[in-house]
Amino acid sequence: MSNGFTPEQQRYLEGLVAGVSAVAGGPAAAEPTGPDAAHLIAMKKAEAEGGKLADPEKFKRQEHPFDAYQRMKSQAAQGEYPAPQDNFRWRFYGLFYVAPNQNSYMCRLRMPNGILTHWQMAGLGRLAESHGGGYAHVTTRANLQIREIEAVNAVSMIEAILDLGLCTRGSGADNIRNVTGTPTAGIDPQELLDTRPYTRDWHFHILNDRSLYGLPRKFNVAFDGGGKVGALEDTNDIGFQAVEVSDGAGVEPGVWFRVAIGGITGHKDFARDTGILVRPQEATFLADAIVRVFIDHGNRTDRTKARLKYLLDAWGLEKFLEAVEQKLGRPLDRIEARQIKEHVPPDRMAHLGVHPQKQPGLNWIGVVLPSGKLTAQQMRGLADVAGRLGDGDIRLTVWQNLILSGVADDKVPAVVQAIDDLGLSTRATSIRAGLVSCTGNVGCKFSASDTKGTAELIATHIESRFDLDQPINIHLTGCHHSCAQHHISDIGLLACKIAKGEGVEPVEGFHIYVGGGFGANATIGREIWRDVENADCPAAIEKLLKAYLAYRSNPNESFFEFANRYPVETLLNLAEDKAA
């Protein structure tokens, strides 16, 4: 006779009984089974060792988010917003309740390699208008998020996104986030390999295996193919870096992925080079093994120590890699860095403007987006341009902009004009080309300041005073989560509240950092100023840039090189000298 429970409900009850038994100290139930077993066992182990589960771990054990879809639909039908535990659970579906900053949902998508079709972009534009606030943001994971979604529209939004052939599953909470890759994959004359098949393979591997959801914390994976536009893979938990291996290295010469792990620059750490090589077609199997070691042993009691970096810190790299080899059932290939051929570095301006593709007669065109924002009208307009005048693809980048590909030489002027007509541009100053900002306190409760508004103030201020002849990255992030990665920027700004005395409301501001870098220049920036009010940030940045132009060693010296030639005290003196 049937017990009346669905298989998913049965698995949930098994896990709940196991958890209750562990807490109560009573006789142990049978070990959990099914796709959630490894997570439930890890929770039980943490408690057996005397730990207290973090609240999100309790939420997942009490009711797995994927077992609560009907309850989420019922809330939406009644126009209800979620309590904190359900706000966490609904993030497994890509829905974020962002009160008090906006009394609405934000919906984040996922798309492998950040690529979507023109008709998908047009459909998202319509949804942004009919279900949201009429706009979308391009994120620093080459993704889109739509904001100001009322509770009653929340579930219909994610279902309509599925109708477009896209999805939102696992784009928030303790899951493997959007899979990024080289934005110019398959069209880049400089690339070593096309990352699209590998990002797609990992993307669908995640989507179709429930056991890969509900990790100790979020997890980022990126694939860099060696193209002109970087993927910032060394800021990810796993970074696959395409390399060309020389003869005599002990492995077959050719293009492999070299693997780096544990990147989390908000916590001041880049991914560590493991020395491991993996054949591109085996990258998914290695990523799966790494994630499963993290599932088994990641911290489930302290959210501040629950990322992969902290497991590596506790164990050391070699112990972790031995556990990965055990999961894989075979040893990993390793070589020394000297056995890898040198390759041309990325071009810091290649994500904007017109660039010839590897296909003769075709071009990609990078579009500037003010603070990463697109209106619904612009989304539909860009979709039309991509469909009529390009190859139909729209490629998002980690620099919060997008690329239209497959534009024939004779159609380039028409595309540039059409983009201008939409109120956008293919041309950018050295300031705007590297200007990155998170959502800020307009839509995120964690942010201490208006990041996008301050970014615009800085860009407008600098552009009205002088031109820079070298590209520069300025990143503004609203909180310690560092979604805009302020630590790896030439100039980074971290939002703060500035106390103004007893009985006076604190004001918005930023701490300012200098000399951060990524890739070959991987460096964590150093703090140069604290507690700079929003309105004073443009002038502070102006002083730094004027000092750079006046005191750099030669016209080709980058800001990164200039900033890292001097101690912070000297940089302060040089900046103040130019302000006099």
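Figured I'd write up the structure that's included with this text. (Residues numbered from 1 in each chain as written. Predicted model: local features only at pLDDT ≥ 70, side-chain atom pairs only at ≥ 80, totals over all residues. Heavy atoms only, no water.)

Using the criterion set out here, one finds 45 salt bridges in the structure. The partner of Arg-334 in a salt bridge is Glu-318, with the nearest N and O atoms 3.1 Å apart. One end of the pair, Arg-334, is in strand S11 (residues 333-334); the other, Glu-318, is in helix H11 (residues 317-328), and 16 residues separate them in sequence. For Arg-334, a relative accessible area of 35% puts it in the partly exposed group. (Salt bridge = Lys/Arg side-chain N within 4 Å of Asp/Glu carboxyl O. Helix = DSSP H or I, 4+ residues; strand = E, 2+ residues; numbered from the N terminus. Buried < 20%, exposed > 50% of the residue type's maximum accessible area, 1.4 Å probe, protein only.)

This part is about the packing of aromatic side chains. In total, this model carries 21 aromatic pairs according to the counting rule given. A centroid spacing of 4.6 Å and a plane angle of 10 degrees characterise the contact between Tyr-81 and Tyr-97, whose relative ring orientation is stacked. Linking Tyr-81 in the loop between helix H4 (69-77) and helix H5 (84-90) with Tyr-97 in strand S1 (residues 95-97), this pair joins segments that are 16 residues apart in sequence. Here Tyr-97 falls in the buried class, since its relative accessible area comes to 16%. Counting every residue linked through ring pairs, the aromatic cluster contains Phe-59, Phe-66, Tyr-69, Phe-88, Trp-90, Phe-92, Tyr-93 and Tyr-213. Against the face of Phe-66 rests Arg-169, its NZ or CZ located 3.7 Å from the ring centre. (Phe/Tyr/Trp six-rings, centres within 6.5 Å; stacked < 30°, edge-to-face > 60°. Lys NZ or Arg CZ within 6 Å of the ring centre and 35° of its normal.)

Here we have five strands laid out as an open sheet, ordered S1-S2-S5-S4-S14, and antiparallel in their pairing. The outermost strands of the open sheet, each flanked by one partner alone, are S1 and strand S14 (373-375). On average, each strand axis in the sheet is tilted by 25 degrees relative to the strand beside it, whichever way the strands run. Here strand S2 (residues 105-108) runs beside strand S5 (residues 144-149); their pairing, made up of three bridges, is antiparallel. Across the sheet, Arg-108 pairs through a bridge with Gln-145, a residue of S5. (Pairing = 2+ DSSP bridges. Axes fitted to C-alpha atoms, helices over the stretch in contact; angles between N-to-C directions.)

Before going further, it helps to examine the state of the cysteines. The tally for this structure, following the rule as stated, stands at zero disulfides. Of the cysteine sulfurs around Cys-167, a residue in no disulfide, the closest is that of Cys-107, at 10 Å. Considering cysteine sulfurs only, Cys-479 is the nearest to Cys-444, which forms no disulfide, with 5.7 Å between them. (Disulfide = S-S within 2.5 Å.)

What follows covers the pairing of strand S15 (residues 393-396). Alternating positions in S15 separate into two faces, Asp-393 and Arg-395 on one and Ile-394 and Leu-396 on the other, with burial throughout. Inspection of the sheet shows S15 paired to strand S16 (residues 402-408) by three bridges, in the antiparallel sense. Within the sheet, the bridge partner assigned to Arg-395 lies in S16 and is Ile-403.

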